[in-house]
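Structural overview
Residue strings, one per chain:
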Amino acid sequence: GERFPLAVPQIYQLFELGPWWFYLLALPMWLTVSVAVTSAFVQVLASAKYFLAWRLGTRIADARLGFAFAVSIAIAGWSVAPMLFPSHTALIETTLMVLALVTWRCHAEFSLRNALLFGLASVACLHAHPTMVSYIVAAGIFLLWTHRSRAAFGWMCVAVAIVLFVAPLLVDFLARHAQVT
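Notes on the structure follow. Given the structure is predicted, the values throughout are model-derived calculations rather than measurements.

Reading guide: rules and limits
- Residues numbered from 1 in each chain as written.
- Predicted model: local features only at pLDDT ≥ 70, side-chain atom pairs only at ≥ 80, totals over all residues.
- Heavy atoms only, no water.
- 1 Å grid on protein atoms, 1.4 Å probe; cavity = no way out; pocket = protein on both sides within 12 Å on 5 of 7 lines; lining within 4 Å.
- Points joined across faces, edges and corners; volume = space filled by probe spheres on them.
- Helix = DSSP H or I, 4+ residues; strand = E, 2+ residues; numbered from the N terminus.
- Patch = residues over 30% accessible without salt bridge, like charges linked within 9 Å, V, L, I, M, F, W, Y side chains within 5 Å.
- Areas by Shrake-Rupley, 256 points an atom, 1.4 Å probe, with all protein chains shown as cover.
- Salt bridge = Lys/Arg side-chain N within 4 Å of Asp/Glu carboxyl O.
- Buried < 20%, exposed > 50% of the residue type's maximum accessible area, 1.4 Å probe, protein only.
- Expected span 1.5 Å × (residues − 1).
- Arc of directions from axis to C-beta.
- Contact = heavy atoms within 4.5 Å.
- Axes fitted to C-alpha atoms, helices over the stretch in contact; angles between N-to-C directions.
- Left-handed = near helix turned anticlockwise from the far one by under 90°.
- Nonpolar A, V, L, I, M, F, W, Y, C, P; charged D, E, K, R; others polar.

Here the largest pocket defines a volume of roughly 200 Å³. Contributing to the lining of the largest pocket are 14 residues, with V133, I136, V137, V160 and V163 lying nearest its centre. Of all the elements in the fold, those that place two or more residues in the lining of the largest pocket are helix 6 (112-128), helix 7 (133-146) and helix 8 (150-166). Considering each element in turn, the lining of the largest pocket owes the most residues, six residues, to helix 7.

Among the surface-exposed residues, F51, W54, F67 and V71 lie close enough to one another that they form a single nonpolar patch of about 420 Å² accessible area. For the nonpolar patch, the elements supplying multiple residues, two or more each, are helix 2 (35-60) and helix 3 (63-72). Taking relative accessible area as the criterion, W54 reaches 33% and is therefore assigned partly exposed.

This part is about helix 7. End to end, helix 7 covers 20 Å across 14 residues, agreeing with the expected 20 Å (1.5 Å per residue, within 8%). Within helix 7, the full set of buried residues consists of I136, A139, G140 and L143. Looking straight down helix 7, one finds its buried side chains confined to an arc of 100 degrees; they lie on one side. Within helix 7, the exposed residues directed more than 90 degrees away from the buried face are I141 and W145. Looking at the packing, one finds that the buried side of helix 7 touches helix 5 (92-108), helix 6 and helix 8.

Let us look at the packing of helix 6 against helix 8. Interhelical geometry of helix 6 versus helix 8 gives an angle of 40 degrees and a closest axis separation of 8 Å. Note that helix 6 runs across helix 8; the crossing there is right-handed. Each of L112, A115, L116, F118, G119, L120, S122, V123, L126 and H127 in helix 6 lies in contact with helix 8, whose residues at this interface are W155, M156, V158, A159, I162, V163 and V166. Per-class residue counts for the contact of helix 6 with helix 8 are 14 nonpolar, three polar and no charged.

What follows is the structure in structure tokens.
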């Protein structure tokens with residue numbers, strides 16, 4: 001408990017995910033003390049990807065595209081694996097949909113509020129799985145490309161500041177490596 005809340009399991013002894021996932025799981029465990037209820041809670045959160053996919057499709061075009069998008073991610077295959085293993089990876093698709101919706105919102109209007117949302121969506125993606133950084137970078141480049149202005153660059157700096165401030169894995173990683181050098 002000395003390093004709480006930064007002490008969490010490491011991934012291949014390289015870096016840590018941070019406490020976000022464990023705080024999220026603490027709520028159903030505190031309320032019910034049941035692993036089954038906690039697993040069901042993870043699945044309810046993971047199933048939000050269907051609504052988010054539908055919402056993204058309706059934003060891009062219409063309800064038909066939204067329905068097609070939601071059905072397309074429901075097709076059996078590797079997408080079924082997270083249902084069997086209730087871990088942080090179960091929320092990869094859900095957080096990706098959140099990032100896509102926020103990116104679409106920022107595309108329509110890049111403001112301070114939307115930059116804050118983009119930063120928080122990016123943090124959620126990083127906590128779902130570190131490999132999501134490629135999607136975050138791609139979304140950031142897309143936004144900077146579509147909004148070529150100093151204001152857009154400033155808003156993106158706000159989003160990056162949120163990621164750096166909220167993502168404990170980066171803080172802990174930098175703290176540990178600062179002590180080594």
